[in-house]
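Chain by chain, the residues:
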Amino acid sequence: MRIVIICGAGYISGKEKIMFSLLKGLAAEGDVVYCITSTWSNGQFQELLKSEQIDFSTIRLGFISKTMNWKVIKMTLEQIFYWPKLLIDYKRIISTFKPDIVIHTNFHHLFLLLPVVSSHNTINIYHSHESIGGAGFYKRLFTLFQKKIKLFIGVSDYVTNKLRNLGLSNDKLKTIHNGLEIIDWKPKPFKSGSIFNIGIVGQVGRWKGHEDVLLALDILKIKYNIDWFRLCIFGTGDGEYIKELNKIIEEKHLKDHVEWKGFIKDIENIYSDLQVVCIPSRSEEPFATSALEAGLYAVPVIVSNRGGFPEIVKHQQSGFIVEANAPVEIAEYLALLMKDPEKSMQMGLYHQQIVNQLFSYKNFICNWKNTLKEINA
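Residues numbered from 1 in each chain as written. Predicted model: local features only at pLDDT ≥ 70, side-chain atom pairs only at ≥ 80, totals over all residues. Heavy atoms only, no water.

Undergrad: I tried to follow the packing of aromatic side chains on my own but got confused; where do I start?
TA: Centre distance and the angle of the planes are the two values used to describe a pair of aromatic rings. Here the structure, examined in full by the defined rule, presents 15 aromatic pairs. Where W40 meets Y82, the ring centres are 6.2 Å apart and the plane angle is 70 degrees; that geometry is what we call edge-to-face. One end of the pair, W40, is in the loop between β2 (32-38) and α2 (44-51); the other, Y82, is in helix α3 (residues 70-97), with 42 residues separating them in the sequence. Residue classification places W40 among the partly exposed residues on the basis of a relative accessible area of 30%. Given the relative accessible area of 23%, Y82 is considered partly exposed. Put simply, the rings of F107, Y126, F137, Y138, F142, F145 and F152 touch in pairs and so form one group of aromatic residues. Here R2 stacks its cationic end above the ring of F97, 4.2 Å away from the centre of that ring. Its end group placed over the ring of Y82, R60 keeps NZ or CZ at 3.8 Å from the ring centre. (Phe/Tyr/Trp six-rings, centres within 6.5 Å; stacked < 30°, edge-to-face > 60°. Helix = DSSP H or I, 4+ residues; strand = E, 2+ residues; numbered from the N terminus. Buried < 20%, exposed > 50% of the residue type's maximum accessible area, 1.4 Å probe, protein only. Lys NZ or Arg CZ within 6 Å of the ring centre and 35° of its normal.)

What follows is the structure in structure tokens.
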């Protein structure tokens, strides 16, 4: 099959990693793949594509928003200015490549391209990585999409149910969980007297709940009299929010317990020395890649009861599920793990087993390949 995947990729996050692995996996299965990405990016995704010799084009894929602030208005005006060229460039790529299937991954971009998205000779699939609300605007938008999209694939049952709530037909809905390449990793036992390393991984933003972890560490010190820990913060983000976090670190006297790691490309350098990963998201995360990545390295996770997390984590077996905005709960489970490192290790091994069995790259590619064959029959 000839397959085009559209992935804007302003920067590399979980979605970009998954779409890159899908491109790579389909190519390895013998399909001819091509990627359309955005000129508005930091270039990291394009470098990944080059590293695997995946052909791609960049076009001016951006956003049109009704949000009324100057920064967003400026982006919207710029996109409107380039919109005619965007349509011409997309039509030219599709006419030249002649794909059997086009996979769309962003509803903003699909909306922009809709006038030239054809369902006559090409099958269009929408791969949903986001939690879409049920407001009337989105219902109307996805009803419009349904006329040209043959199948909507959610990255989790949570996401698929969100699509169903928009009024999409059940026969146009499917879930394919993301998957990671399985590694042969054996964790080292935690040595008594060592520093207990806690990680939080991903973009540094208010919705990720970083301050809940910091407040939990303060509770660990005061309520549980525990101070043999280090919080490693991986990722970059909003400068103003980082200032707020640093203020909390200073006020709670946590400076000696927190290390800003920044963006780390090699995930082994992120997870290999951690004893637990905290992902206390305040938003409805569709299917957080970091929760899966921790499992590769047999690291248990503490996650919020939001979005797709309950599909990944088994409470009190492979990790803990807490409510959002709950530093007291996070502190309680951190204390439990730190006081019983053997339990922490056993939970991590069970998390590894779940990821290896249910969320492997092999299963992910196999599910996609079978779905594409079915829909293209």
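Undergrad: Would you mind going over the packing of helix α7 (residues 210-223) against helix α11 (residues 327-339) with me for this structure?
TA: The description of two packed helices rests on the angle between their axes and on the distance between the axes. Direction vectors running N to C along α7 and α11 enclose 55 degrees, while the axes themselves pass 8 Å from each other. Compared by their axis directions, α7 and α11 come out oblique. Handedness of the crossing formed by α7 with α11: right-handed. When α7 is examined against α11, the residues D212, L215, A216, L217, I219 and L220 are found in contact with a partner set consisting of P327, V328, I330, A331, L334, A335 and M338. Each residue belonging to the contact of α7 with α11 can be placed in one class, and the counts come to 12 nonpolar, no polar and 1 charged. (Axes fitted to C-alpha atoms, helices over the stretch in contact; angles between N-to-C directions. Parallel < 35°, antiparallel > 145°, perpendicular 65-115°, else oblique. Left-handed = near helix turned anticlockwise from the far one by under 90°. Contact = heavy atoms within 4.5 Å. Nonpolar A, V, L, I, M, F, W, Y, C, P; charged D, E, K, R; others polar.)

Undergrad: Help me understand the layout of surface pockets in this model?
TA: Any empty space left between atoms is shown by rolling a water-sized probe over those atoms. In this model, the second largest pocket occupies a volume close to 510 Å³. Contributing to the lining of the second largest pocket are 24 residues, with K188, P189, F190, L274 and Q275 lying nearest its centre. Elements with a minimum of two residues in the lining of the second largest pocket: β8 (196-201) and α12 (341-358). Residue composition of the lining of the second largest pocket, by class: 14 nonpolar, 5 polar and 5 charged. (1 Å grid on protein atoms, 1.4 Å probe; cavity = no way out; pocket = protein on both sides within 12 Å on 5 of 7 lines; lining within 4 Å. Points joined across faces, edges and corners; volume = space filled by probe spheres on them.)

Undergrad: Just to check I follow, could you spell out the sheet that holds strand β11 (residues 276-279) for this structure?
TA: Two strands in a sheet stick together by hydrogen bonds in their backbones, pointing the same way (parallel) or opposite ways (antiparallel). The strand order across the open sheet built from 6 strands is β10-β9-β8-β11-β12-β13, with neighbouring strands paired in parallel fashion. At either end of the open sheet lies a strand with only one pairing partner, and these are β10 (258-262) and β13 (319-322). Adjacent strand axes in the sheet meet at a mean angle of 20 degrees when their direction is disregarded. Along the sheet, helix α10 (residues 289-296) contacts β8, β11 and β12 (301-304); its crossing angle with β11, the most-contacted strand, is approximately 175 degrees. (Pairing = 2+ DSSP bridges.)

Undergrad: Could you clarify how one ought to interpret helix α13 (residues 361-375) in this entry?
TA: Because an α-helix packs 3.6 residues into every turn, residues spaced three or four apart end up facing the same way. The terminal C-alpha atoms of α13 lie 21 Å apart, and with 15 residues this matches the ideal 21 Å at 1.5 Å per residue to within 8%. Looking only at α13, the buried set comprises Y361, F364, I365, W368, K369, T371, L372 and I375. Buried positions in α13, seen along its axis, are confined to an arc of 165 degrees and lie on one side of it. For α13, the exposed residues lying more than 90 degrees away from the buried face are K362 and E374. Where α13 is buried, its residues touch β1 (2-6), α1 (14-28), β4 (101-104), β5 (123-128), β6 (151-154) and β7 (173-175). (Expected span 1.5 Å × (residues − 1). Arc of directions from axis to C-beta.)

Undergrad: Is there a simple way to explain empty space enclosed by the protein in this structure?
TA: All chains considered together, the criterion is met by 1 cavity of 30 Å³ or more. Taken as a whole, the largest cavity encloses approximately 30 Å³ of empty space. Around the largest cavity sit I200, V201, Q203, K208, H210, C278 and I279, which together line it. When its residues are assigned to classes, the lining of the largest cavity shows 4 nonpolar, 2 polar and 1 charged.

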